[in-house]
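One-letter residues, chain by chain:
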Amino acid sequence: MLAFKTKSLVKTSDMTVKKVSGSQAVILSILEEGVDTIFGYPGGAIMPIYDALYDFDQNVKHILTRHEQGAVHAAEGYAKVTGKVGVCFATSGPGASNLITGIADAMLDSVPMVCITGQVTSPLLGTDAFQEVDVVGISMPVTKWNYQITTPEEIPEAIAQAFYIAQTGRPGPVLLDITKDAQFGELEFKYEKCRKIRSYVPESPINPEKIKEAAELINQAKKPMILCGQGIIISQAEEELKDFAEKAGIPVAWTLLGLSAFPTEHPLNVGMLGMHGNYGPNLLTNEADLIIAIGMRFDDRVTGKVSSYGEKAKFIHFEIDPAEINKIIKADVAVLGDAKKALKQLIPLINKNNHNTWIGEFRKCDNIENEKVIHKDLFPSKPGLTMGEVVRIASEKTNHDAILVTDVGQQQMIASRYFKFKNSRSNVTSGGLGTMGFGLPASMGAQLGAPNRTVVAMIGDGGFQMTIQELGTIVQNKLPVKIIILNNHFLGMVRQWQQLFFEKRYSFTELQNPDFIMIAKGFGMDGHKVDKREDLESGIQKMMDHKGPYLLEVTIEKEDNVFPMVPTGASVSDVILEP
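A quick note: this is a predicted structure, and the numbers were derived from the prediction, not measured.

**Q** Sorry if this is basic, but what is going on with the sheet that holds strand 15 (residues 333-336) here?
**A** Across a sheet, paired strands are connected by hydrogen bonds in the backbone, their directions being either parallel or antiparallel. Taking strand neighbours across the sheet as the criterion, the six strands line up as 12-11-10-13-14-15 in an open arrangement whose pairing is parallel. Each edge of the open sheet carries a strand with a single partner, namely strand 12 (269-272) and strand 15. Strand-to-strand twist in this sheet, taken as the mean axis angle between neighbours without regard to direction, amounts to 15°. As defined by bridge partners, strand 11 (residues 252-254) adjoins strand 12 across three bridges and the pair is classed as parallel. In the sheet register, Val252 faces strand 12, and the bridge partner there is Asn269.

As structure tokens, then:
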């Protein structure tokens, strides 16, 4: 039974709640949806909801972030590791508009999230009142659904619909904007979870004929290749993917967001796709005769030049969102629907097979990449520290069983290449939007979502400073996040492009950084700095052994680059291994 201290609240024997305020209805509604964690930042227009929240501290945990962007990215991190809906609160005006970057990030990466913002009273709407902004209009292009609530009676149904929409079909962010008078008003509260919305079809029924067509192509293929995206993780189809790949003997490459959906060390795993992905899956895309894309959307970072992508291949596209079918790559067979359900229907129709000769081509590429890139990254002979060796040791020290959270830039690509995964939902990053500042707050949400797992946040010195204030949130909530700053005193990825394509004209990418360790200690977080190879392994071990949050700063070479690389506008087969 929910416990709270409001005199006007009456509970009947059948748990129907009578005569509650709109703000109380908000809290009661999200509790009905099983929410246990909220990220947020209070303010005038959402103060009634925060006042109601005060009486529910035994039922739900609220994390006070240091910025609204921190709240929304933390909600993303929580959602990505749990599979549940992330929830965040913000006030009107700048509070609401500060959520937009994170909402857009969640939209592009299909993250289930419900954002609740306060708004000025209904009579003031459209008058340019203090801290009024049209957040419904602003957020419309980057939400799966949004709605403004102006009467208390709307609250339960709107929240029920918000949670249903956020987590069904292709997940995404939803925003509810609630006027202050709706929060103060009263209603007869009764909550019913949403099971269906007219005209909203979250997933299509799977067409068995399309499954048969896909199976025929797969059974005939000589050089097939599976592209594994985040849809595998969202639909919890990891075991089905493994069973399918093993039965058919098909190599599996993962997208950036598909990392951890398939074990790193599995013999059929051929690595990561994309601009900084592995040599084999990029080069051999144009040798494959069948490409089987599951839960991925053929992002431009994966395809490179579309007109020369998969030139010899037929395409099978397993996808829940019909808008993604034929949007970029024309599918020979499109299987609409949930990936788990589709694979379950497909596997019995697949012939037991192996493609050892074809897989051998990937291993030849691995040998070339290992000689030209990987060994130099992981076991460098040059005096300066490399990003790769930091990632390698961090992964080893966690027995490859940690949740990796990355910011955006060089460290994201290096960590994605060299951190190893045993379990799904172990990779938290910003894919489609590429949001610098994502890493630190997302690591908070990841740790709260998976309190018994080690969370390692790998962040560049540029991105770290965008949300550095969230160190305070981590310390206040005693979250044992292990933070590694890879510090090259540059905006590294931009600098790499300037080096390779702009004649080393380093235009406004060099950073004069503060003393990160001193700042961390100012927040009450332990940490230290490493700038010598002989201190690196012991330094990472010290961080891992520490019981609470810890910041390790590692000074790396300024011109340490990420290879392989597919230049913008080039074919994936034009992947380059060195400058």
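**Q** Would you explain the sheet that holds strand 3 (residues 37-41) in this entry?
**A** Strands sit in the order 4-3-5-6-8-7 across an open sheet of six strands; the sheet is parallel. Either end of the sheet is taken by a strand with one partner, and the two such strands are strand 4 (61-64) and strand 7 (145-149). Going from strand to strand, the sheet's axes swing by 20° on average, the running direction of each strand aside. Across five bridges, the pairing between strand 7 and strand 8 (residues 173-179) is parallel. Paired with Gln148 across the strands is Asp177, a residue of strand 8.

**Q** Would you take a moment to explain the pairing of strand 16 (residues 403-406) for this structure?
**A** The side chains of a regular strand alternate between the sheet's two faces. A two-sided burial pattern is seen for strand 16, the buried positions comprising Ile403 and Val405 on one face and Leu404 and Thr406 on the other. Taken together, the four bridges between strand 16 and strand 18 (residues 455-460) define a ladder with parallel strand orientation. Bridging from a neighbouring strand, Thr406 pairs with Met458 of strand 18. Both strand 16 and strand 17 (residues 427-428) contribute to a ladder of two bridges, which runs parallel.

**Q** How should the packing of helix 3 (residues 68-82) against helix 5 (residues 100-108) be read in this particular structure?
**A** Packed helices, taken two at a time, are described by the angle their axes make and the gap between the axes. The N-to-C vectors of helix 3 and helix 5 enclose an angle of 20°; their axes lie 8 Å apart at closest approach. As judged from the angle between their axes, helix 3 and helix 5 are roughly parallel. Judged by the sense of rotation from one axis to the other, the crossing of helix 3 with helix 5 is right-handed. Residues Gln69, Val72, His73 and Glu76 of helix 3 pack against Thr101, Gly102, Ile103, Asp105 and Ala106 of helix 5. Its residues placed into classes, the contact of helix 3 with helix 5 shows three nonpolar, four polar and two charged.

**Q** So what exactly am I meant to see when it comes to empty space enclosed by the protein here?
**A** It is the rolling of a water-molecule-sized probe over the atoms that shows where space remains empty. One pass over the structure, following the stated rule, counts one cavity of 30 Å³ or more. The calculated volume of the largest cavity comes to roughly 30 Å³. Lining the largest cavity, in full, are Ile218, Asn219, Ala248, Ile250, Ile350, Asn351, Asn353 and His355. Its residues assigned to classes, the lining of the largest cavity shows four nonpolar, four polar and no charged.

**Q** What's the story with the nonpolar core in this structure? I'm lost.
**A** Generally speaking, a soluble globular protein has its nonpolar side chains buried in company with each other. Core analysis: the biggest nonpolar cluster contains 98 residues, and Leu227, Phe244, Ile292, Ile294, Phe318 and Leu346 have the highest contact counts within it. Per-element accounting of this core gives the leading share, seven residues, to helix 15 (residues 356-378). Per-domain counts for this core show at least three residues from each of domain 2 (208-361) and domain 3 (383-556). Counting 49 residues, the second-largest nonpolar core is a separate cluster that includes Ile100, Ala442, Ala457 and Phe516.

**Q** I would appreciate a short explanation of the pairing of strand 19 (residues 482-487) in the present structure.
**A** Within strand 19, six of the six residues are buried, which leaves the element mostly enclosed by the surrounding structure. With burial as the criterion, each face of strand 19 is covered, one bearing Lys482, Ile484 and Leu486 and the other bearing Ile483, Ile485 and Asn487. Where strand 18 meets strand 19, five bridges bridge the pair, whose relative direction is parallel. If you follow Val456 over to strand 19, its bridge partner there is Lys482. As defined by bridge partners, strand 19 adjoins strand 21 (residues 550-555) across six bridges and the pair is classed as parallel.

Rules used throughout
Residues numbered from 1 in each chain as written. Predicted model: local features only at pLDDT ≥ 70, side-chain atom pairs only at ≥ 80, totals over all residues. Heavy atoms only, no water. Pairing = 2+ DSSP bridges. Helix = DSSP H or I, 4+ residues; strand = E, 2+ residues; numbered from the N terminus. Axes fitted to C-alpha atoms, helices over the stretch in contact; angles between N-to-C directions. Buried < 20%, exposed > 50% of the residue type's maximum accessible area, 1.4 Å probe, protein only. Parallel < 35°, antiparallel > 145°, perpendicular 65-115°, else oblique. Left-handed = near helix turned anticlockwise from the far one by under 90°. Contact = heavy atoms within 4.5 Å. Nonpolar A, V, L, I, M, F, W, Y, C, P; charged D, E, K, R; others polar. 1 Å grid on protein atoms, 1.4 Å probe; cavity = no way out; pocket = protein on both sides within 12 Å on 5 of 7 lines; lining within 4 Å. Points joined across faces, edges and corners; volume = space filled by probe spheres on them. Core = buried A, V, L, I, M, F, W, Y, C linked by side-chain atoms within 4.5 Å. Domains from an automatic or database assignment.

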